[in-house]
Amino acid sequence: MTAKLKIQNLTKIFGPNAREGLDRLQAGDSKAAIFEATGNTVGIDNASFDVEQGQIFVVMGLSGSGKSTLVRTLNGLIAPTSGSILIDGEDIASCSPATLREVRRNKVAMVFQHFALFPHMSVADNVAYGLKIKGIAAAERRRRAELALEQVGLAAYADSTPAELSGGMQQRVGLARGLATDPEILLMDEPFGALDPLIRRDVQDELLRLQKKLRKTIIFITHDLNEALLLGDRIAIMKDGAIVQIGTAQEIVDTPADDYVRAFVADIDRGRVFTAESVSSADPVVLQLGTDTSETAMQSMEDANCNALYVLDGEEIAGVVTYQDAMAASRDDDATLADAIQSDFPTADRGSALHELYGAASSGLPIAVTDDNNRLVGVVEPEALLAQLSGDTSADPAPAAKP
Amino acid sequence: MFSPSDVLLIPFDDWVNILVREWIVPNFRPLFRALQVPVSMVLDWLDTFFNAVPMLVFTAALALLTWRTAGRGMAIFTVISLIFIDMIGLWPETMTTLSMIVTSVLFCVVLGVPLGILAARNDRVLAVIRPVLDIMQTVPSFVYLVPIVMLFGVGMAPGIIATIIFALPPIVRLTNLGIRNVRGDLIEAAEAFGSTSWQMLWNIQLPLAMRTIMAGLNQTLMLALSMVVITSMIGAGGLGLTVYTGLGRLDVGGATAGGVGIVLLAIILDRITQALGEANGVRTVPLRQTVLSFFRRGAPASTAEIRRAA
Ligand SMILES: Nc1ncnc2c1ncn2[C@@H]1O[C@H](COP(=O)(O)OP(=O)(O)O)[C@@H](O)[C@H]1O
Ligand SMILES: [Mg+2]
């Protein structure tokens, strides 16, 4: 698949003598040194990355690291000093103003940090603004604005003014305005940065819910790593205008590229980043109800150095058996393996975040990781969960099957 | 005591006389005459119209307008004022003055708003316009009359041209200010959706600057009213002429009657345009908020209001 958006060697230098700044940048001078010598500010320093269709690509970094500048070059609000921005193969950095306008009208929409709703227009007119600019008739505009408002749950507020809405609602209107023209790419510059934390959670979930349905290509700017990890299919970390690392949430938390990234991820809630899959043994030792006995069960547990194993009945999970129960069953002549099984066992979906596993792990039993058909695909040992949460990834995640 | 004029006495007045009489007047007279044509046309039409409308009909219409914009109290004031003016026998003069004012303000808007828009969109235009506006506002209104008479002659139209020049600066300045004060992120948003520069002006900048522009219109109107008496010295009529002739003949009663007429007209027009500006605000600022803003650090209510509207 070719990239929806392809950014190559993008550089932006603010100031009177961008050329000189560019030369110095290429010679390896730092942002601070260039500012000292020329008075030019490096906004973006040679950024390159691809964004696939349907992805949420998060750009994060401290304030002043060039995130806003980067996202504004993507729809031409800021012209880059050098480099190219290919949207479906067309270069935004070097196209004519008329082409750029067409791209803005049809392909790329933007959602702003402080909402930037037009205070003199009703909510519906705000949402319909992009359609009006395209010359769509008033009735059709209204219909599509109402549809977009419905998507964000604000259909009832079409005739209110923005000032009558709360911050969270205003940003939903901002989102609806971005979606109304049905763009392929949505640029979001710290869209939830101005909202308080509870509301922010709400709109983040809302965005994820919408994205599941709409599958837009989203460039999402944030300075909040938790937000980045929650939303981003891929995450780019910026520092002084340069991109220092690009990867998935787990890659960035697991293997930070440098101290800057490490400092970012230091107090991250790892329980929200990693999934059950990341700590489960891929090919767990299991027992078969038909063939295994209490004795073979005890033997397998000794070999695998663990205290409990799952028992399958064909493909179905029959339950879990602990070493103690197996031992008790083996002493009792009447009891079989089936009598030792606990059918009330903890389970987790393979995509669940680790923090959702805390309750399951408290039973002390290994957690069964299942797929959509309730088949066992892995087992999470409580110790592996703790090791991942503490960042001690050297620990063996779970006992692997012996050959 | 020595003074520089002992050495050299510059015949400045002669130079100006020569420049104007020998060069500007013969060469440009037709141009200046042509410039008067649209002004005279609008003025004649309005003057005829206002004087043709029966007094009671006009009073009712203006009272209705005042009532809809500035409220009931102001409407009652309007009715009483107009009846008073009629009873002191100054109705025709008042209508003439009104038509002069409306003509001047109309031309100020037609010239000033586009100039203000240009200045707001282009720093170089602003750099050229700003000193010109400064000069226009610092030159005493009396001094305008000399070149105006030389170039345009005497009469109604030259009087109105002098008024236009004098009253133009506020509307240009405040149009420029209003558009420049439109929040940057709103401009950015409009641009991000692919607005052309006209769409931006029409949908975003002008509506959001409207309150500030209306404040400029109000100031322009007040300046135009302040020229009423002065222009009567170069042949303009109306209430100004009543005051001027009253002064000339030491007829205190006549001059006062004319003056009262001008003041009443000024109050009515001021209130209507102020109210129009408020109606155009993005949201009206409730009294409580205005009062509170006095106790807050930063800008007083009026400027804060303008900024918010912008
Ligand atoms: N219009 C501008 N002129 C000069 N410097 C600018 C301009 N816009 C941004 N900058 C500078 O570029 C750098 C990146 O800014 P920005 O993209 O706003 O960062 P962020 O959004 O990550 O906080 C900062 O050092 C900022 O001062
Ligand atoms: Mg920013």
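Residues numbered from 1 in each chain as written. Chains lettered and ligands numbered in written order. Predicted model: local features only at pLDDT ≥ 70, side-chain atom pairs only at ≥ 80, totals over all residues. Heavy atoms only, no water.

Peer 1: Requested: an account of the overall build of chain B, with residues and values cited.
Peer 2: Counting its regular elements, chain B contains 15 helices and 0 strands. Evaluated residue by residue, chain B yields a buried proportion of 45% over its 310 residues. Counting only contacts in chain B whose residues sit at least 6 apart along the sequence, the fraction spanning at least 24 positions is 78%. Carbon together with sulfur atoms contributes 70% to the accessible area of chain B, which is approximately 16,400 Å² in total. Of the side-chain charges in chain B, 20 are positive and 17 negative, and the distance between the mean point of each set is 13 Å. (Helix = DSSP H or I, 4+ residues; strand = E, 2+ residues; numbered from the N terminus. Buried < 20%, exposed > 50% of the residue type's maximum accessible area, 1.4 Å probe, protein only. Contact = heavy atoms within 4.5 Å. Areas by Shrake-Rupley, 256 points an atom, 1.4 Å probe, with all protein chains shown as cover. Lys, Arg positive; Asp, Glu negative; His and termini not counted. Charge placed at Lys NZ, Arg CZ, Asp CG, Glu CD.)

Peer 1: Outline the domain arrangement of chain A, supporting the account with residue identities and numerical values.
Peer 2: Domain annotation of chain A identifies domain 1 (53-83 + 92-107 + 183-268) and domain 2 (276-390). A straight line from the C-alpha centre of domain 1 of chain A to that of domain 2 of chain A covers 41 Å. (Domains from an automatic or database assignment.)

Peer 1: Let's hear about the site of ligand 1: which residues, and what values?
Peer 2: Residue and element names in this part refer to chain A. Looking at ligand 1, the residues that line it are F14, K31, T41, L62, S63, G64, S65, G66, K67, S68 and T69. Between ligand 1 and the protein, one listed contact pairs an oxygen atom with a side-chain N or O atom of K67 at 2.9 Å. Between ligand 1 and T69, the relevant distance is 2.5 Å, taken from an oxygen atom to a side-chain nitrogen or oxygen of the residue. Summarising the interface, the protein chains cover 60% of the accessible area of ligand 1, which totals 560 Å² for the free molecule. (Near = heavy atom within 4 Å. Polar contact = N/O pair within 3.5 Å; in protein donor to acceptor, adjacent residues only side chain to side chain.)

Peer 1: Requested: an account of the interface of chain A and chain B, with residues and values cited.
Peer 2: Listed by partner, the interface residues are 24 residues for chain A and 19 residues for chain B. Summing both partners gives a buried area of about 1,900 Å² for chain A against chain B, and 64% of it is carried by carbon and sulfur. At the junction of chain A with chain B, the criterion picks out 1 salt bridge. Here R72(A) makes a salt bridge to E188(B), at a shortest N to O gap of 2.6 Å. Elements with a contribution of two residues or more to the side of chain A that touches chain B: α4 (97-106), β6 (108-111), α6 (129-133) and α8 (167-180) of chain A. In the side of chain A that touches chain B, the residues fall into 13 nonpolar, 5 polar and 6 charged. (Buried area = accessible area lost by both parts, 1.4 Å probe. Salt bridge = Lys/Arg side-chain N within 4 Å of Asp/Glu carboxyl O. Nonpolar A, V, L, I, M, F, W, Y, C, P; charged D, E, K, R; others polar.)

Peer 1: Run through the packing of aromatic side chains, naming residues and quoting values.
Peer 2: Tallying each qualifying case throughout the model produces 12 aromatic pairs over all chains. Taking the centre distance of 6.5 Å and the plane angle of 80° together, the rings of Y129(A) and F193(B) count as edge-to-face. Of this pair, Y129(A) sits in helix α6 while F193(B) sits in the loop between α9 (184-192) and α10 (197-226), which puts the two residues in different chains. Residue F193(B) is classed as buried on the basis of its relative accessible area of 1%. Where F49(B) meets F50(B), the ring centres are 5.7 Å apart and the plane angle is 55°; that geometry is what we call tilted. One aromatic cluster is present, formed by W45(B), F49(B), F50(B), F58(B) and W91(B) through successive ring pairs. (Phe/Tyr/Trp six-rings, centres within 6.5 Å; stacked < 30°, edge-to-face > 60°.)

Peer 1: Pulling in residues and values, what's your account of the pairing of strand β12 (residues 308-313) of chain A?
Peer 2: Residues and elements named next belong to chain A. The buried fraction of β12 amounts to 5 of the 6 residues, a majority that puts the element mostly inside the structure. The pairing of strand β11 (residues 286-288) with β12 spans 3 bridges and is parallel. Among the inter-strand pairings, Q288 is bridged to a residue of β12, identified as L312. Summarising the sheet, β12 and strand β13 (residues 316-322) pair through 6 bridges and their orientation is antiparallel. Within the sheet, the bridge partner assigned to Y310 lies in β13 and is V320. (Pairing = 2+ DSSP bridges.)

Peer 1: Describe the sheet that holds strand β16 (residues 376-380) of chain A, with residues and values.
Peer 2: All names here are of chain A. An order of β14-β15-β16 is seen for the 3 strands of this open sheet, with the pairing classed as mixed. If you trace the sheet from one side to the other, it starts and ends with β14 (347-349) and β16, each paired once. Going from strand to strand, the sheet's axes swing by 30° on average, the running direction of each strand aside. As paired elements, strand β15 (residues 367-370) and β16 share 4 bridges and run antiparallel to each other. Directly across from A368, in β16, lies its bridge partner V379. (Axes fitted to C-alpha atoms, helices over the stretch in contact; angles between N-to-C directions.)

Peer 1: Now, about α9(B): what can you tell me, with residues and values included?
Peer 2: With respect to burial, α9(B) is a largely interior element, 7 of its 9 residues being buried. Listing the buried residues of α9(B) in full gives D185(B), L186(B), I187(B), E188(B), A189(B), A190(B) and A192(B). Its buried side turned inward, α9(B) meets α3 (67-73), α4, β6, α6 and α8 of chain A together with α10 of chain B. Trailing α9(B) by a residue or two, G194(B) shows a phi angle of about 90°, which is positive.

Peer 1: An account of a nonpolar patch on the surface is requested, with residue identities and associated values reported.
Peer 2: Taken together, the side chains of F2(B), V7(B), L8(B), I10(B), F12(B) and W15(B) present a nonpolar region at the surface, about 740 Å² in accessible area. Tracing the backbone through its elements, the reader meets W15(B) in helix α2 (residues 12-52). (Patch = residues over 30% accessible without salt bridge, like charges linked within 9 Å, V, L, I, M, F, W, Y side chains within 5 Å.)

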